Amino acid sequence: VNLRAPSRFVAREVDFKIIPGDPLAYWVPKSLRDVFGTSPRFNSILEARECLTTGKNEDYVRYSFEVSRKKVFRKATSRNDAQNSSAKWFPYNKGGEKRKWYGNDEYVVNWENDGHLLQTRKHPSGDRIWAHNFNLDFIFRPSLSWSDITTKGLSARIFPEGFVFDATGLSAFSRYNEDVRWVVASICNSTVGSYIAEVLNPTMHFKAGDFSEFPLIMSFRQRAEDICRNAVKITSVDWDSFETSWDFARLPLLDPDYCPPTVKAAYENLRVHWQDMTLEMQRLEEENNRIFIDAYGLQDELEPDVPLKEITLTCNPHYRYGGDKSEEELEALLLADTMREFVSYAVGCMFGRYALEKEGLVLANQGETVEDYLKQIPQPSFPADDDNVIPMLDGDWFTDDITERFRQFLKLTFGEEHYEDNLRYVEQGLNIKGKRNYSIRDYFLKEFYDDHVRRYKKRPIYWLFSSPKGSFNALIYMHRYQPHTVGTVLKYLRDFQDKLKSSKDRQESLSIRADISSSDKTKALKEIEKINKMLVELEEYERDVLYPLATEQITIDLDDGVKANYPKFGNALKKITGLS
């Protein structure tokens, strides 16, 4: 932001020619024009490239959590290395939202057999989809990357080896053996970086050619590199603290460093740690700004201060939620999301995706079973569900109901002594709208699945079988899906119907007893009416939807992605707007 900008500018025609592309950047001060006139460019030490254009991402690109983990290869250093791996999916840099230093590692691309499908596929016009195959020699090399869209300012990230990159995940590679990515990332992530990016390209884009023409000053290289390495370390810890990250290891709330007997104390300890991370990042970025404001002679144009909302850490509520929210609102949102992440991790442990005894993923390949789980975790403290079906109902109808299993998880992770207080704290944190008599069961029935779909960006890994009015709900984990899984869901549905009929019989007996009050009889009659409606709903769901589906023995292929597999189950699953 130019805080001292004059209201009138005077510039000569020759001044515009100093800056590459001759932009009408009349506001640029003489000190910066001198830098453009005398300094080398980024292109002298880095080669900027844009690469893959698939033409149809839904055929070739997946979120990393959609596919079997064993089919993904993250250690390729060259095209030969990738071919020798026999893998199908490889990390894919697609740019993404504004995030500085590290992150936006979310996708994989089908690069099986050296990308044979992509390199041979053709557009209806006859042109090859592959638009920049002359850059193939750069894939899998360590890079500095930035997003094409720069409406919120330039943001650069350090990427390790192993990535294919595309036309929006623009990338630059060291020309020589010396790794200069760190100092250039520091320049890009400074206020100077965004200022000069707008000079070079005043549109919302910042292309490889613009990057190449950026003036380079290396006089503070060592300190800038140190800042970048520290910033990348902090940002990578933040990125990997969330379960959609490939390198997610364990929920921070359960880290022994922050995990005393109560959930409240654990969260408060974790919140202090997050605040320290955010403030340290702010300190690093402001020091980085001072270095390059001085180096580029922009003391009269820019200030080094960095508002909290521009510290791009997910644990920073000012960045995560933005807007004009009060501190109280931001803290409530962060607490709610942390409790949602706690519940989500618990559900992951229920399905065997995670285990308390092991960091990272446990069951993450297609068709894995509880036997595969027990090979890795022979004596689990919180066992994975045997049949990959977890009922989610309004009442304790099954011992493996999701609410009951969460209660067990809470007791195991934080102990039984403070269980009631812990459960109350979780419920209060989740109850961001202040609903009366709100319980963990309310969250599971009304909010959990929407949260899950949002967390996994409309590509959920847990699928919700749900009757039309939601009287019956059961979750499955798609990586553990087998053709007989729908039959198992059907068995739960029938068991639930039998339990409802038994409950109805009890209520009918109660309604005709002479020794109970009229109000109790009225309650019994209302309960009978409610059960009758539920039974009609469930009988129709079984007859018209679930039973026919169970007889089909549907198969799925995780390589096809959630968007192709989820609709195969039609009305048996809860509808996700925008998925099909």
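Before going into details, it helps to say that this report is about the structure given with it. (Residues numbered from 1 in each chain as written. Predicted model: local features only at pLDDT ≥ 70, side-chain atom pairs only at ≥ 80, totals over all residues. Heavy atoms only, no water.)

Side note on the overall build of the protein
- In terms of regular secondary structure, the protein is built from 20 helices and 11 strands.
- Residue burial in the protein is summarised as follows: out of 580 residues, 55% are buried.
- In the protein, of all internal contacts separated by at least 6 residues, the share reaching a separation of at least 24 is 70%.
- Looking at the protein as shown, the accessible area adds up to about 26200 Å², and 48% of this sits on carbon and sulfur atoms.
- Counting 79 positive and 91 negative side-chain charges, the protein places the averaged centre of each group 3 Å from the other. (Helix = DSSP H or I, 4+ residues; strand = E, 2+ residues; numbered from the N terminus. Buried < 20%, exposed > 50% of the residue type's maximum accessible area, 1.4 Å probe, protein only. Contact = heavy atoms within 4.5 Å. Areas by Shrake-Rupley, 256 points an atom, 1.4 Å probe, with all protein chains shown as cover. Lys, Arg positive; Asp, Glu negative; His and termini not counted. Charge placed at Lys NZ, Arg CZ, Asp CG, Glu CD.)

A few points about the sheet that holds strand S6 (residues 156-159)
- Taken together, four strands build an open sheet; the order of strands is S1-S8-S5-S6 and the sheet is antiparallel. Each end of this open sheet is capped by a strand with a single partner; those strands are strand S1 (46-49) and S6. If you compare each strand with its neighbour and ignore which way they point, the axes differ by 30 degrees on average.
- In terms of strand pairing, strand S5 (residues 143-147) meets S6 through four bridges, oriented antiparallel. Opposite Ser 143, over in S6, you have Phe 159 as the bridge partner.
- The strands that helix H6 (residues 181-188) touches are S1, S5, S6 and strand S8 (169-174); relative to S6, the one it contacts most, it runs at about 160 degrees. (Pairing = 2+ DSSP bridges. Axes fitted to C-alpha atoms, helices over the stretch in contact; angles between N-to-C directions.)

What about empty space enclosed by the protein?
- Taken as a whole and assessed by the stated rule, the structure comprises three cavities of 30 Å³ or more.
- Approximately 130 Å³ is the volume found for the largest cavity.
- Lining the largest cavity are 14 residues; nearest its centre among them are Phe 65, Arg 69, Trp 246, Arg 353 and Leu 361.
- Considered class by class, the residues forming the lining of the largest cavity number seven nonpolar, four polar and three charged.
- In this structure, the second largest cavity occupies an estimated 60 Å³ of space.
- Considering the residues around the second largest cavity, the lining is formed by Ser 241, Phe 242, Leu 251, Pro 252, Leu 253, Leu 270, Trp 274, Thr 338 and Glu 341. (1 Å grid on protein atoms, 1.4 Å probe; cavity = no way out; pocket = protein on both sides within 12 Å on 5 of 7 lines; lining within 4 Å. Points joined across faces, edges and corners; volume = space filled by probe spheres on them. Nonpolar A, V, L, I, M, F, W, Y, C, P; charged D, E, K, R; others polar.)

A short note on the side chain of Glu 106
- Note that Glu 106 resides in the loop between strand S3 (89-93) and strand S4 (107-110).
- Reaching out from Glu 106, the side chain makes a polar contact with the side chain of Lys 457 at a distance of 2.2 Å. (Polar contact = N/O pair within 3.5 Å; in protein donor to acceptor, adjacent residues only side chain to side chain.)

Details of the packing of aromatic side chains
- Counted according to the given criterion, the structure contains 35 aromatic pairs.
- Seen in terms of ring centroids, Trp 463 and Tyr 566 are 5.4 Å apart; in terms of plane orientation they differ by 80 degrees. Their pairing is edge-to-face. With Trp 463 in strand S10 (residues 462-466) and Tyr 566 in the segment after helix H20 (562-565), this residue pair connects regions lying 103 residues apart in the sequence. Here Trp 463 and Tyr 566 have matching classes, each one buried. (Phe/Tyr/Trp six-rings, centres within 6.5 Å; stacked < 30°, edge-to-face > 60°.)

Quick word on unusual backbone geometry
- A positive phi angle, close to 55 degrees, is found at Asn 113, a residue other than glycine.
- Mapped onto the elements of the fold, Asn 113 is located in helix H5 (residues 112-120).
- You will see that Asn 388, though not glycine, has its phi angle at about 65 degrees, which is positive.
- With respect to the element layout, Asn 388 can be found in the loop between helix H13 (370-376) and strand S9 (390-391).

So, the side chain of Asn 93
- Within the fold, Asn 93 resides in strand S3.
- The class for Asn 93 is buried, based on a relative accessible area of 1%.
- Residues in contact with Asn 93, not counting those within four places in the same chain, are Ser 145, Phe 159, Phe 163, Val 164, Phe 165, Asp 166, Gly 169 and Ser 171.

Some thoughts on the sheet that holds S4
- An order of S2-S4-S3-S7 is seen for the four strands of this open sheet, with the pairing classed as mixed. Only two strands of the sheet have a single neighbouring strand rather than two, namely strand S2 (61-63) and strand S7 (164-165).
- In this sheet, S7 lies alongside S3 in parallel orientation, the contact comprising two bridges. Its bridge partner being in S7, Asn 93 is matched across the sheet by Phe 165.

Quick look at the pairing of S5
- Along S5, five of the five residues are buried, which leaves the element largely enclosed by surrounding structure.
- Here four bridges tie S5 to S8, and the two strands are oriented antiparallel to one another. From the neighbouring strand, Leu 144 faces S8, where its bridge partner is Ala 172.

Some words on the pairing of strand S11 (residues 473-477)
- Among the five residues in S11, five count as buried, and that is most of the element.
- Along S11, one buried face is formed by Asn 473, Leu 475 and Tyr 477 and the opposite face, lined by Ala 474 and Ile 476, is buried too.
- Bridging between S9 and S11 involves two bridges; their strand directions are antiparallel. What sits directly across from Pro 391, in S11, is Ala 474.

Observations concerning the nonpolar core
- Counting residues in each nonpolar core, the largest one holds 172 residues, and the members touching the most others are Phe 211, Tyr 296, Phe 406 and Phe 465.
- Listed in part, the five residues of the second largest apolar core include Val 67, Trp 89, Val 108 and Trp 246. (Core = buried A, V, L, I, M, F, W, Y, C linked by side-chain atoms within 4.5 Å.)

What to know about the state of the cysteines
- Applying the stated rule across the entire model yields zero disulfides.
- The closest cysteine sulfur to the non-disulfide-bonded Cys 188 is located on Cys 228, 9.7 Å from its own sulfur.
- Judged by its relative accessible area of 2%, Cys 188 falls in the buried class.
- The structure places no disulfide on Cys 349, whose sulfur is separated from the nearest cysteine sulfur, that of Cys 259, by 13 Å. (Disulfide = S-S within 2.5 Å.)

A few points about helix H9 (residues 221-239)
- With 19 residues, H9 extends 26 Å from end C-alpha to end C-alpha; this agrees with the ideal 27 Å at 1.5 Å per step.
- Considering only its buried residues, H9 is in contact with S6, H6 and helix H10 (263-295). (Expected span 1.5 Å × (residues − 1).)

Re the pattern of salt bridges
- The tally for this structure, following the rule as stated, stands at 39 salt bridges.
- Residue Lys 207 pairs with Asp 148 through a salt bridge whose shortest N-O separation is 3.4 Å. With a gap of 59 residues between them, Lys 207 in the loop between helix H7 (191-200) and helix H8 (208-212) and Asp 148 in the loop between S5 and S6 connect regions that are remote in the sequence.
- For Lys 207, a relative accessible area of 32% translates into the label partly exposed.
- Two residues, Arg 223 and Glu 287, come together in a salt bridge whose shortest N-O distance is 2.6 Å. Note that Arg 223 is positioned in helix H9 and Glu 287 in helix H10, a separation of 64 residues in sequence. (Salt bridge = Lys/Arg side-chain N within 4 Å of Asp/Glu carboxyl O.)

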